[in-house]
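Report on the structure
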Amino acid sequence: MTTTFITGANKSLGYETARRLIEAGHTVLVGARDPQRGQSAADALGARFVRIDVTDDASVAAAAEDIEAREGGIDVLINNAGTFGPHIPADQLTAADATTVLDVNVVGIVRVTNAFLPLLRKSANPVIVNVSSGMGSFALTHDPERAEGRNLAPLYTASKAAVTMLTTQYAKSWPDMKVNAADPGYTATDFNGHSGPQTVTEGTDAIVELATIGADGPTGTFRDRHGVLAW
């Protein structure tokens, strides 16, 4: 039985990823910051809720300890929790705004991954999936034909570029693990006021694919539901 832990799994992409992986036979642990929303999501899915705030060292450590005590370890870690940041012009963004976005989207992945490495190393096929974005791709954001090239979000895009690079560096650092980045694509979520043309199911295709790869699967890749992306 594959045990999978997902951060930010109480709604949108995280929730749909959890639903699909449970359907595929995974034992899923629903990670969320809000206890009420997290427990409600877990109850609806038939999963176990584990409280985690990816911006808080103590919360992350407590989550890892809880899972070690209950499940013993995990096979798959999906770093899904993220924030878009304020929807304001670039000249109004502050250092505090940048700190908030980077702490969730980048530092949060480092914080969670480091805490969960001992749990992953108990698996015969440890897998990490970092939810990145084509908005962090140099190639895609310079393509006027794509949504990524027509939308401005300085802090979010910078954070997701960092997530993709962090993924490739982790993959090189840990050849015994599969570490990949997934781009959900322009999906209807709270981030964009549900304006994206893709459903959450389509948006989780790449995440689910990378979460279910075998021991001979890829590592250090960045892909969406259509394949490997340039970045």
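For the structure itself, consult the block above.
Rules behind the numbers
- Residues numbered from 1 in each chain as written.
- Predicted model: local features only at pLDDT ≥ 70, side-chain atom pairs only at ≥ 80, totals over all residues.
- Heavy atoms only, no water.
- Helix = DSSP H or I, 4+ residues; strand = E, 2+ residues; numbered from the N terminus.
- Polar contact = N/O pair within 3.5 Å; in protein donor to acceptor, adjacent residues only side chain to side chain.
- Buried < 20%, exposed > 50% of the residue type's maximum accessible area, 1.4 Å probe, protein only.
- Pairing = 2+ DSSP bridges.
- Right-handed = clockwise from strand over helix to strand, strands pointing away.
- Salt bridge = Lys/Arg side-chain N within 4 Å of Asp/Glu carboxyl O.
- Contact = heavy atoms within 4.5 Å.
- Axes fitted to C-alpha atoms, helices over the stretch in contact; angles between N-to-C directions.

1. Comments concerning the side chain of S159
Turning to its location among the elements, S159 is positioned in helix α6 (residues 154-173). Among the polar contacts listed, one links the side chain of S159 to the side chain of N105, at a separation of 3.0 Å.

2. Brief notes about the pairing of strand β4 (residues 76-79)
On β4, burial covers both faces: V76 and I78 on one face and L77 and N79 on the other are all buried. By the bridge criterion, three bridges tie strand β1 (residues 3-6) to β4 in an arrangement that is parallel. Across the sheet, T4 pairs through a bridge with V76, a residue of β4. In this sheet, strand β5 (residues 127-131) lies alongside β4 in parallel orientation, the contact comprising four bridges. Residue N79 lies in a different strand from β5, and its bridge partner there is N130. Remark: the β4/helix α4 (residues 95-120)/β5 crossover connection has right-handed handedness.

3. Some thoughts on the pattern of salt bridges
As enumerated under the stated definition, the model contains 12 salt bridges in all. For R19, the salt bridge is made with E16, and the minimal N-O distance between the two is 2.7 Å. Placement of the pair is R19 and E16 together in helix α1 (residues 12-23), with a separation of three residues, close to one helical turn. Since its relative accessible area comes to 7%, E16 is described here as buried. Two residues, D57 and R111, come together in a salt bridge whose shortest N-O distance is 2.6 Å. Of the two residues, D57 sits in helix α3 (residues 57-70) while R111 sits in helix α4, which places them 54 residues apart along the sequence. Judged by its relative accessible area of 54%, D57 falls in the exposed class.

4. So, the pairing of β1
Side chains T3 and F5 of β1 all project onto a buried face; the interleaved residues T4 and I6 project onto the opposite face, where all are buried too. Relative to strand β2 (residues 27-32), β1 is paired through four bridges, and the arrangement is parallel. Each bridged residue has a counterpart across the sheet, and for I6 the counterpart in β2 is V30. Following the backbone out of β1, through α1 and into the adjacent parallel β2, one traces a crossover that is right-handed.

5. Considering the sheet that holds β4
Where strands meet in a sheet, backbone hydrogen bonds hold them as pairs that are either parallel or antiparallel. The strand order across the open sheet formed by eight strands is β3-β2-β1-β4-β5-β6-β7-β8, and the pairing between neighbours is mixed. With one partner strand each, in any of the chains shown, β3 (48-51) and β8 (227-228) form the two edges of the open sheet. Relative to β3, β2 runs parallel, the two being bridged by four bridges. Directly across from G31, in β3, lies its bridge partner V50. On top of the sheet, α1 reaches β1, β2 and β4; it is set at about 170° to β1, its chief contact.

Such coordinate-based values are descriptive only and should not be taken to indicate function.
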